[in-house]
Amino acid sequence: WSAMASSSAAFEAQLRQAQQQIQKLEKLKQELKADDHDLQSYLHGLRTSLEEESRHLSAAQARRAKLQQELRTCEEECSNHEAVKQQLMQDINDALAKAAQEREHKLRLAGYGSEDVADVAAESAVATAAAAAVSSAATARSGQAA
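Residues numbered from 1 in each chain as written. Predicted model: local features only at pLDDT ≥ 70, side-chain atom pairs only at ≥ 80, totals over all residues. Heavy atoms only, no water.

### Re the overall build of the protein chain
Looking only at helices and strands, the protein chain features 2 helices and 0 strands. When the 146 residues of the protein chain are sorted by exposure, 5% land in the buried category. For the protein chain, the exposed area adds up to about 12,300 Å²; of that, 58% sits on carbon and sulfur atoms. (Helix = DSSP H or I, 4+ residues; strand = E, 2+ residues; numbered from the N terminus. Buried < 20%, exposed > 50% of the residue type's maximum accessible area, 1.4 Å probe, protein only. Areas by Shrake-Rupley, 256 points an atom, 1.4 Å probe, with all protein chains shown as cover.)

### Side note on the state of the cysteines
The final tally for this structure, using the stated rule, is 0 disulfides. For Cys74, which is in no disulfide, the shortest distance to another cysteine sulfur is to Cys78 and amounts to 4.3 Å. Using a relative accessible area of 47% as the deciding quantity, one classes Cys78 as partly exposed. (Disulfide = S-S within 2.5 Å.)

### Let's talk about a nonpolar patch on the surface
Among the surface-exposed residues, Leu25, Leu28 and Leu32 lie close enough to one another that they form a single nonpolar patch of about 300 Å² accessible area. Topologically, Leu28 is positioned in helix 1 (residues 2–109). Classification of Leu28 as partly exposed rests on a relative accessible area of 42%. (Patch = residues over 30% accessible without salt bridge, like charges linked within 9 Å, V, L, I, M, F, W, Y side chains within 5 Å. Salt bridge = Lys/Arg side-chain N within 4 Å of Asp/Glu carboxyl O.)

### Section: helix 1
The end-to-end C-alpha distance of helix 1 is 156 Å, a good match for the 160 Å that 108 residues give at a rise of 1.5 Å each. Taken together, the buried positions of helix 1 are Met89, Ala100 and Leu107. Two residues or fewer past helix 1, Gly111 is found with a positive phi of approximately 95°. (Expected span 1.5 Å × (residues − 1).)

### A short note on the pattern of salt bridges
Counted under the stated rule, the structure contains 1 salt bridge. Salt-bridge contacts for Arg108 lead to Glu104; the nearest nitrogen and oxygen are separated by 3.0 Å. With a gap of 4 residues between them, Arg108 and Glu104 both fall in helix 1, about one helical turn apart.

### Re a negative patch on the surface
Together, Glu31, Asp35, Asp36 and Asp38 make up a region of like negative charge exposed at the surface. Its location among the elements puts Asp36 in helix 1. Overall, the relative accessible area of 41% leaves Asp36 in the partly exposed class. (Lys, Arg positive; Asp, Glu negative; His and termini not counted. Charge placed at Lys NZ, Arg CZ, Asp CG, Glu CD.)

Here is the structure:
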C-alpha cells in the first residue's frame, strides 16, 4: 500500500508539474498573442502612413514635372523673343545707317560741299549711336528683369 501511495503521490506531483507547465505555456501564448496584436496594430498604422506619404510624394513629383516642363517652355519662349528682339535692334541700326548714307549721297548730289556733308554725317552718326544706346539699355533692362 505504501508503494502505491508513494507512486500515486509521485504521479500527482508530476501531474501538478505538468499543469503548471501548461499554465505557463498558456500565459506565454497569451502574451505572444497580445504582442502580435500590438505589432499588427503598429504595422497597420505605419502602412497607412506609408500609403499617405506615397500619395503625397506622387502628387509632388507630378507637380514638379509639370513645373519643370513649364519652365523649359518659358525658357524657350524667352530665348525666341530675345532672338527676335536682337534682330529687330539690328534692323533698326541697319535702317539708320542706310538712311544716313542716303542722306549724305543726296547732299553730295545736290552740290553741298564736303564740310556740309560731314556735318550731316556727324549728326547721323550721333543719331545712330543714340539709337544703339537705347537698344543696349533696353536689352540690359530686359536682362535684369529676367
